[in-house]
Structure formats: structure tokens, C-alpha cells
Amino acid sequence: MTFPIAPPSPTRTLWVLIANILCVTCAELFLKTGATASGGDSVLGFSSLQSPYTIVGICFHIAGFGCWMYALRTVPLTLAYNFTAINQVLVPIAARFILRNEPIPPLRWMGIALVVVGFILLVPVLARFEEKAERRPLGGGSASA
Amino acid sequence: MNQHLLLFGLLAECAIVLGQLLLKRAMVPSAARGAEGQRVFFFILSIIIQALYFFLWLGLLQNYPLSSVYPFDAAGPVLLVLVGVLILHERLSSRAWVAITCVIAGLALISLS
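Peer 1: Tell me about the overall build of chain A, and name the residues and values.
Peer 2: Per the secondary structure count, chain A includes five helices and zero strands. Listing every helix and strand of chain A by position from the N terminus yields α-α-α-α-α. Counting every position in chain A, which comprises 145 residues, the buried fraction comes to 46%. Of all intrachain contacts in chain A linking residues separated by at least 6 positions in sequence, the fraction that spans at least 24 positions is 73%. Here chain A has roughly 6,700 Å² of accessible surface; of this, 70% comes from carbon and sulfur atoms.

Peer 1: Could you give me a rundown of the pattern of salt bridges, with the residues and numbers involved?
Peer 2: Residues and elements named next belong to chain B. For the coordinates displayed, the defined rule picks out one salt bridge over all chains. Of the charged contacts, one joins Glu36 and Arg39 as a salt bridge, the two residues approaching to 3.2 Å between their closest N and O atoms. Note that Glu36 and Arg39 are positioned in helix H2 (residues 35-63) at a spacing of three residues, about one turn of the helix. Judged by relative accessible area, which is 33%, Glu36 ranks as partly exposed. Arg39 sits in the buried class, given a relative accessible area of 5%.

Peer 1: Now, about helix H2 (residues 52-72) of chain A: what can you tell me, with residues and values included?
Peer 2: Residues and elements named next belong to chain A. With 21 residues, H2 should cover 30 Å at 1.5 Å per step; its first-to-last C-alpha distance of 30 Å lies within 8% of that length. Among all positions in H2, only Thr54, Gly57, Gly64, Cys67, Trp68, Ala71 and Leu72 are buried. When H2 is viewed along its axis, its buried side chains cluster within an angular range of 135° and face the same direction. Across H2 from its buried face, at more than 90 degrees, point the exposed residues Pro52 and Ile62. Sitting at the head of H2, Ser51 places a side-chain oxygen 3.2 Å from the backbone nitrogen of Tyr53.

Peer 1: So what's going on with the interface of chain B and chain A? Residues and values would help.
Peer 2: A common measure of how large an interface is: the accessible area buried when the components associate. If you look at the interface, chain B gives 61 residues, while chain A gives 64 residues. Both faces combined, the contact of chain B with chain A buries some 5,400 Å², and carbon together with sulfur accounts for 68% of it. The interface formed by chain B and chain A holds zero salt bridges in total. Put simply, chain B and chain A have eight residue pairs in polar contact (both at pLDDT 80 or more) between them. The element contributing the most residues to the side of chain B that touches chain A is H2 of chain B, with 16 residues. Class assignment for the residues of the side of chain B that touches chain A results in 40 nonpolar, 13 polar and eight charged.

Peer 1: How would you explain the state of the cysteines if you had to name every residue and give the values?
Peer 2: Where two cysteines share a covalent bond between their sulfur atoms, that bond is called a disulfide. A complete count under the given rule lists zero disulfides over all chains for this structure. The cysteine Cys67 of chain A is free of any disulfide, with Cys23 of chain A supplying the nearest cysteine sulfur at 5.1 Å.

Peer 1: Before we move on, can you summarise unusual backbone geometry with the specific residues and values?
Peer 2: Positive phi, close to 55°, is recorded for His89 of chain B, a residue that is not glycine. Among the secondary structure elements, His89 of chain B is positioned in the loop between helix H4 (75-86) and helix H5 (94-112).

Peer 1: Outline a nonpolar patch on the surface, listing residues and values.
Peer 2: All names here are of chain B. Together, Val78, Leu79, Leu82, Val85, Leu86, Ile87 and Trp97 make up an exposed nonpolar region whose accessible area comes to about 570 Å². Examining the composition of the nonpolar patch, we find that five residues originate from one element, H4, more than from any other. As for its placement among the helices and strands, Val78 is situated in helix H4.

Calculation criteria
Residues numbered from 1 in each chain as written. Chains lettered and ligands numbered in written order. Predicted model: local features only at pLDDT ≥ 70, side-chain atom pairs only at ≥ 80, totals over all residues. Heavy atoms only, no water. Helix = DSSP H or I, 4+ residues; strand = E, 2+ residues; numbered from the N terminus. Buried < 20%, exposed > 50% of the residue type's maximum accessible area, 1.4 Å probe, protein only. Contact = heavy atoms within 4.5 Å. Areas by Shrake-Rupley, 256 points an atom, 1.4 Å probe, with all protein chains shown as cover. Salt bridge = Lys/Arg side-chain N within 4 Å of Asp/Glu carboxyl O. Expected span 1.5 Å × (residues − 1). Arc of directions from axis to C-beta. Polar contact = N/O pair within 3.5 Å; in protein donor to acceptor, adjacent residues only side chain to side chain. Buried area = accessible area lost by both parts, 1.4 Å probe. Nonpolar A, V, L, I, M, F, W, Y, C, P; charged D, E, K, R; others polar. Disulfide = S-S within 2.5 Å. Patch = residues over 30% accessible without salt bridge, like charges linked within 9 Å, V, L, I, M, F, W, Y side chains within 5 Å.

And the structure:
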């Protein structure tokens with residue numbers, strides 16, 4: 001098994017991470033719908049696999065995983081993981097307005113605002129990191145951003 | 001908080017952090033001798049651990065509302081920052097630290113709510 005080693009073009013990794021965020025958000029919503037539809041009390045949720053919603057959720061997770069592997073080739077794990085933490089904002093909002101099952105209290109709105117601020121601050125950090133990554137050979141030295 | 005939810009929620013978070021650490025190690029090319037085999041091993045181990053996380057997560061989603069389960073993901077970024085700095089030796093700019101602090105504080109507020 002070999003892994004691709006070609007360096008990504010500027011800002012492409014940023015868009016790939018955004019694609020990952022959208023895939024994971026869709027995946028979580030489909031998984032929740034599938035898990036609720038199938039019921040069950042087991043520790044591991046194997047019975048959820050009977051629901052087509054769960055299968056669609058898994059497909060979204062696989063697509064998101066592909067995006068994630070692409071991004072991890074150059075972006076530091078710490079930055080990428082915190083950037084995609086915006087999922088934890090998108091999922092409750094989507095659960096509220098699409099699944100219509102969970103209201104959002106004021107304290108959670110404050111937390112959502114802070115995560116969005118962090119996300120916006122990380123955009124130029126990631127873009128600058130990619131420019132640096134383009135100029136240096138892959139695998140050389142530890143990551144910094 | 002329900003002990004079952006606490007135990008399996010934390011177990012799931014530890015699994016995802018370990019899985020991400022191994023995946024990062026697998027995705028970074030290295031010219032060292034035997035590195036390719038080691039990367040494949042890390043990749044396979046990462047997939048196994050992330051699969052365990054996935055089914056733990058599905059089990060939690062089956063048994064608890066999304067708003068009770070999702071706050072456990074707030075622990076992930078904190079553990080990931082520790083792993084990134086202490087094990088992967090990633091260096092971050094002051095702007096990146098401010099952004100990460102905002103994200104973690106925001107996630108903590110979401111969990112508290």
C-alpha cells in the first residue's frame with residue numbers, strides 16, 4: 001500500500017476541510033435519524049445498521065474521512081481538529097431546525113458564537129500554513145503554524 | 001450524569017484521539033528506512049480504533065438524546081491539543097492559540113448548557 005505524496009495547491013486543503021465539515025454534519029444527522037428509527041438498548045449500536053438512514057450516514061462519513069486524510073498530509077492535527085470543531089455548532093443547529101427535536105438555550109448560543117469566532121480566526125492561519133507547506137519539502141521538520 | 005453515559009462517552013473520546021494520532025502519523029511521508037511499513041500499520045490500527053469509536057458513538061446515540069451525547073466531543077479538542085503539542089511536537093502561532101482557546105471555551109459552554 002502506498003500513500004499519495006504530491007503537495008496540495010494553496011487553499012485547496014482549506015476547501016477540503018470545509019467539505020469534511022459538511023460531510024460529517026450530514027453524517028451525524030443521518031446517523032441520529034437511523035439510530036432513533038431502529039431503537040435498541042445495546043452498548044454498541046449494531047442494530048442501527050438495519051436503517052437505510054444509517055447507511056447514508058456511513059457513506060457521508062467515508063467521504064468526510066477521505067477529505068480528512070487529504071488534509072492531514074500537510075495541516076497540523078491540532079489546527080485541523082479545532083477547525084472542524086465547527087461541526088459541534090452545525091449539528092445542534094441542524095438538529096434544532098431540521099430534526100426539530102432539541103431547542104437551543106441562551107448559554108449554548110454563547111458557546112456557538114465563541115466557536116464561530118475561533119473558526120474565523122483559524123481560516124487565515126490555515127491558509128498561511130498551506131503557503132508555507134508548498135514551499136518546503138513534505139516530511140521535513142516538525143509542523144508549525 | 002448517568003455513569004454509563006460518562007464511561008462510554010469518555011472511552012469514545014479517548015478512542016477518537018488515539019485514532020487521529022495514529023492517522024496523522026500514517027499520513028505524513030518519511031524517508032526513514034522501514035517507515036512505509038510502519039505507516040501502513042499505523043493506518044490499519046487507526047481504522048480499527050476509529051471503527052470502535054464509531055460503534056460506541058452509535059450506541060450512545062441510540063440510548064441518549066443528541067444534546068447529552070454531543071458535549072463529549074468537547075473533550076476531544078482539549079485532548080488533541082495535548083497530543084499535538086506533547087507527542088507530535090506541533091508549534092502554533094499566538095493567533096492559532098487564541099483561536100483554539102475560543103473554540104475550546106465555546107465547546108465548554110455548549111457542554112454546560
